[in-house]
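So you can see what is in the structure, the chains are spelled out below.
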Amino acid sequence: RKEVEQDPGPFNVPEGATVAFNCTYSNSASQSFFWYRQDCRKEPKLLMSVYSSGNEDGRFTAQLNRASQYISLLIRDSKLSDSATYLCAVTRRGNQGGKLIFGQGTELSVKP
Amino acid sequence: EAGVVQSPRYKIIEKKQPVAFWCNPISGHNTLYWYRQNLGQGPELLIRYENEEAVDDSQLPKDRFSAERLKGVDSTLKIQPAELGDSAVYLCASSPHVDLEMETQYFGPGTRLLVL
């Protein structure tokens, strides 16, 4: 079992839909949490850090549940330009701090 | 501000040949990472540098992979000899090392390696 697991994709949704991605992590030493976006044949780019109280950035909302070891990303009013692969990632405490451990990614395709 | 620079962008080699990738991090970033991303998977860390010191190379296959960051700035990752299973995208990332666990890592465009 991988340390970070995401919903298998792809997700195909119409424009304007709300879509939610889920991610679970197995190592309780995980310290920090992130969502990255990766366009086809491009590098990952940070979309949002995920804070314990949850956080929102425009149409994007990230939630963290430490007890269940679960992270989510909600995209409201999805746009064609949201089509990409969404990667969740965690870092650990201590001497492996800074090492991003990624899930396998969930592909999103937003259709007109 | 210039981002992370990597070269070459693409490389096709035959198995058993050597190959090298180069990375120049964002100016002033002390921490440099090499990740490997296989098709359909997330990136996996190969090695992390703090300045010129490799502080986490636990996932680097040391029988064929080597890396260096001699002056604590740019870095080279080498594979010798390459195997078919090494076909992947090799991503370099850097961060400023202020708050390592929370800070953003900035990725370069990657080198796409195909081993035939």
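Given the structure is predicted, the values throughout are model-derived calculations rather than measurements.

J.: Got a minute to help me understand the environment of B:Val89 in this structure?
T.: All names here are of chain B. The topology assignment puts Val89 in strand β9 (residues 88-95). Of the residues examined, Val89 reaches a relative accessible area of 13% and is grouped as buried. Put simply, Val89 and Tyr35 are 54 residues apart on the chain and 8.4 Å apart in space, counted from C-alpha to C-alpha. In this structure Val89 touches Tyr35, Arg36, Gln37, Gly110, Thr111 and Arg112, once residues within four positions along its chain are discounted.

J.: Any chance you could explain the interface of chain A and chain B here in plain terms?
T.: How big an interface is tends to be expressed through the accessible area that disappears when the partners come together. Contacts between chain A and chain B engage 26 residues on the former and 25 residues on the latter. Buried surface at the junction of chain A and chain B, both sides included, amounts to about 1,900 Å², of which 47% is carbon and sulfur. A per-residue breakdown of the area chain A buries against chain B is headed by A:Arg41, A:Glu43 and A:Lys99, which together make up 25% of the total. At the boundary of chain A and chain B, one finds zero salt bridges. Counting only elements with at least two residues in the side of chain A that touches chain B, the list comes to β4 (30-38), β5 (44-50) and β9 (84-92) of chain A. The element that contributes the greatest number of residues to the side of chain A that touches chain B is β4(A), accounting for five residues.

J.: What should I look at first to understand the packing of aromatic side chains in this one?
T.: Aromatic rings in a pair are described by how distant their centres are and how their planes are angled relative to each other. Under the counting rule described, the total for this entry stands at 12 aromatic pairs over all chains. Residues A:Phe21 and A:Trp35 carry aromatic rings whose centres are separated by 6.5 Å and whose planes lie at 40 degrees to one another, so their mutual orientation is tilted. Linking A:Phe21 in strand β3 (residues 19-25) with A:Trp35 in strand β4, this pair joins segments that are 14 residues apart in sequence. Each member of the aromatic cluster is reached from another via a ring pair, and the members are A:Phe34, A:Tyr36, A:Phe102, B:Tyr33, B:Tyr35 and B:Phe107.

J.: Sorry, what's going on with the state of the cysteines here?
T.: Between two cysteines, a covalent bond joining their sulfur atoms is known as a disulfide. Residue and element names in this part refer to chain A. Summed over the entire model, instances satisfying the criterion amount to two disulfides over all chains. Paired by a disulfide, Cys23 and Cys88 hold their sulfur atoms 1.9 Å apart. Its S-S torsion of about 60 degrees marks the bond between Cys23 and Cys88 as right-handed, since a negative value means left-handed. Here the residue Cys23 occupies a position in strand β3, and Cys88 occupies one in strand β9, the gap between them amounting to 65 residues. The same class applies to Cys23 and to Cys88, which are both buried.

J.: Looking at this structure, I do not really get the sheet that holds strand β7 (residues 65-68) of chain B. What am I missing?
T.: Sheets are built from strands that pair by backbone hydrogen bonding, the pairs being arranged parallel or antiparallel. Residues and elements named next belong to chain B. Spatially, β1-β3-β8-β7 is the arrangement adopted by the four strands of the open sheet, whose pairing is antiparallel. Each having just a single partner strand, β1 (5-7) and β7 make up the two edges of the open sheet. Strand-to-strand twist in this sheet, taken as the mean axis angle between neighbours without regard to direction, amounts to 15 degrees. The sheet contact formed by β7 and strand β8 (residues 75-79) spans four bridges and is antiparallel. Counterpart to Phe65 in the pairing with β8 is Ile79.

J.: Would you explain the pairing of strand β7 (residues 60-65) of chain A in this entry?
T.: Note on strand geometry: in a regular strand, side chains alternate between the two faces of the sheet. Residues and elements named next belong to chain A. Bridging between strand β6 (residues 55-57) and β7 involves three bridges; their strand directions are antiparallel. Note on β7: the bridge partner recorded for Asp57 is Phe60. Taken together, β6 and the strand that follows it, β7, pair antiparallel across an intervening segment of two residues, in which Gly58 is found at a positive phi of about 65 degrees. Where β7 lies against strand β8 (residues 70-75), six bridges are found, and the strand directions are antiparallel. Paired with Leu64 across the two strands is Ile71, which belongs to β8. In textbook terms, the turn of a hairpin is the stretch between consecutive antiparallel strands, and for β7 and β8 this stretch comprises four residues, one of which, Gln69, has a positive phi near 55 degrees.

J.: Would you take a moment to explain the nonpolar core for this structure?
T.: One finds A:Phe21, A:Trp35, A:Ile71, A:Leu73, A:Ile75, A:Tyr86 and A:Leu108 to be the most contacted residues of the largest nonpolar core, which totals 25 residues. If near-sequence neighbours (up to four positions away) are discounted, A:Ile75 is found in contact with A:Ala17, A:Thr18, A:Val19, A:Phe21, A:Arg59, A:Phe60, A:Asp82, A:Tyr86 and A:Leu108. Formed by 21 residues, the second largest nonpolar core is a distinct cluster that contains B:Trp34, B:Phe65, B:Leu77 and B:Ala82.

J.: What is the right way to look at unusual backbone geometry in this model?
T.: Among all residues except glycine, the phi angle is most often negative; among peptide bonds, the trans geometry is most common. Of note, the amide linkage connecting A:Gly9 to A:Pro10 takes the cis form, showing an omega dihedral of 0 degrees. Residue placement: A:Pro10 occurs in the loop between β1 (4-6) and β2 (11-14). Residue B:Pro8 is bonded to the preceding B:Ser7 through a cis peptide linkage, with omega at -10 degrees. A positive phi angle, close to 55 degrees, is found at A:Gln69, a residue other than glycine. Counting through the fold element by element, A:Gln69 comes out in the loop between β7 and β8.

Rules of the game
- Residues numbered from 1 in each chain as written.
- Chains lettered and ligands numbered in written order.
- Predicted model: local features only at pLDDT ≥ 70, side-chain atom pairs only at ≥ 80, totals over all residues.
- Heavy atoms only, no water.
- Helix = DSSP H or I, 4+ residues; strand = E, 2+ residues; numbered from the N terminus.
- Buried < 20%, exposed > 50% of the residue type's maximum accessible area, 1.4 Å probe, protein only.
- Contact = heavy atoms within 4.5 Å.
- Buried area = accessible area lost by both parts, 1.4 Å probe.
- Salt bridge = Lys/Arg side-chain N within 4 Å of Asp/Glu carboxyl O.
- Phe/Tyr/Trp six-rings, centres within 6.5 Å; stacked < 30°, edge-to-face > 60°.
- Disulfide = S-S within 2.5 Å.
- Pairing = 2+ DSSP bridges.
- Axes fitted to C-alpha atoms, helices over the stretch in contact; angles between N-to-C directions.
- Core = buried A, V, L, I, M, F, W, Y, C linked by side-chain atoms within 4.5 Å.

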